[in-house]
Amino acid sequence: MHEAWRRVRDNMWPVLQQSVAAALSWWIAGNLFDHHVPLFAPIATLVALNTPVGGRGTNAVRVMSGVIAGVIVGQLAFRFLGHGDTAVGSAVLCALLVALLLDGERITMAQAAVGAVISVAAGQQAGIDRVQDALLGAGVALVFSQVLFPPHPFSLLRRSEAATLKGLGRALELTARTLDASADERENQPWKELRPVYTLLNDLGRTRDDAVAVARRTPRWRGRREPIQQEIAATRYLDLLGNSCLTLIRGATILTPAHRKAFAATVRGLSGVLDALAAARGSHAVFQHAARRTLDIVRDAPAGGQAVPVAVGESVRLVAADILVFAGADADEAERAVRDGSTDITVERRARPGKWTARRERR
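The notes below deal with the structure included here. What you are looking at is a predicted structure, and each value in this text was computed from that prediction instead of being measured. (Residues numbered from 1 in each chain as written. Predicted model: local features only at pLDDT ≥ 70, side-chain atom pairs only at ≥ 80, totals over all residues. Heavy atoms only, no water.)

### Concerning the packing of helix H3 (residues 56-81) against helix H5 (residues 106-122)
- Viewed as axis vectors pointing N to C, H3 and H5 meet at an angle of 35°, and their least axial separation amounts to 6 Å. In the packing of H3 onto H5, the handedness of the crossing is right-handed. Two secondary-structure elements touch here, H3 through Asn59, Arg62, Val63, Ser65, Gly66, Val67, Gly70, Val71, Gly74, Gln75, Ala77 and Phe78 and H5 through Ile107, Thr108, Gln111, Ala112, Gly115, Ala116, Ser119 and Val120. (Axes fitted to C-alpha atoms, helices over the stretch in contact; angles between N-to-C directions. Helix = DSSP H or I, 4+ residues; strand = E, 2+ residues; numbered from the N terminus. Left-handed = near helix turned anticlockwise from the far one by under 90°. Contact = heavy atoms within 4.5 Å.)

Below, the structure is given as structure tokens:
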């Protein structure tokens, strides 16, 4: 029930937007275009808006281009082949090929295929109505996503950052539990937690692309792209941090029993730092404290002369250096601080998104 309520709470605002936008599309299609049953306009709006917030504008364009391509192909098939299974099959094949040439996205291909089938099955007027509805529905979606309720790039990026950091922290915490466990309990390795980490890193990359698109295409952010670019650059270090954490997990789980418990506290400490960063929401004070805590963990990490403990120790230092750079430290200084056992390091202050963004992030 807690998970279900969290989904409802987190998605209530986008769902309300979709409902209002669909009703508006229906009203415009029925009253201004005089469509007797204006089904496709609200459907196009819903399909366009039914995607993560940062990608709704791009989704609307894909819906529109897919429908137009499908209707054109369907009209040609209807003209030369008439009705029937041959016409439908040929129209769908050509429409899908055209969609692949356009961008190859699944939503473009689906809309192209559906548009082709409708055009062949219902004739010319239905195809024209379908294009009108697609243009209307996608237009309403663009107004909602780009003008009335444009996504905030900082909110997109920092929510994705927090989710990624939290996922990495959980993976490290489960690794620490495995290192602390007895031999009988050690069968349940944290490998099942690694797949979500890969998913989070992929989601972070998509969010980064969405933020770039929002900064470039949304009028509100077109002239304020520099701080957004700085935040995007910071998220790229999370890719390195994710790889470092995965390397540490792999090395830690093959440690001998003599070294497992020694490294458990180190791995758990790094997990705690990642959890703190996930909840920081860009706070400079939290980032500075996390940097100092990371250096303390590295200094207290066990040292060993055997090959595997040495490799795990190197992985610990890589994770620590990536944490420091993400927090705002210079990359070269972070490397030196980790190697030299420093007690403090300068962390640059992150860009402030402004009061409006801070309210959105808290929501």
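Resuming the write-up.
### What to know about helix H10 (residues 257-278)
- Between its first and last C-alpha atoms H10 spans 32 Å; for 22 residues at 1.5 Å apiece the expected length is 32 Å, and the two agree.
- Bending of H10 peaks at approximately 35° at the position of Phe263. (Expected span 1.5 Å × (residues − 1). Bend = angle between axes of the 7 residues up to and from the residue.)

### Comments concerning the pattern of salt bridges
- According to the stated counting rule, one finds 12 salt bridges in the structure shown.
- Taken together, the shared-partner salt bridges connect Glu173, Arg177, Asp180 and Arg268 into one network. (Salt bridge = Lys/Arg side-chain N within 4 Å of Asp/Glu carboxyl O.)

### A closer look at the nonpolar core
- Among the nonpolar cores identified, the biggest contains 50 residues, and Leu241 and Ile345 are the most heavily contacted of them.
- Counting residues per element, the ones that place at least two in this core are helix H7 (153-180), helix H8 (194-217), helix H9 (226-252), H10, helix H11 (284-300), helix H12 (307-327) and helix H13 (331-340).
- Take this core: its biggest share by element is 10 residues, from H12.
- The contact partners of Leu241, leaving out residues within four places of it in the chain, are Leu165, Leu168, Leu274, Val319, Asp322 and Ile323.
- Listed in part, the 20 residues of the second largest apolar core include Ala21, Leu49, Val63 and Ile107. (Core = buried A, V, L, I, M, F, W, Y, C linked by side-chain atoms within 4.5 Å. Buried < 20%, exposed > 50% of the residue type's maximum accessible area, 1.4 Å probe, protein only.)

The values are spatial; any link to function lies outside them.
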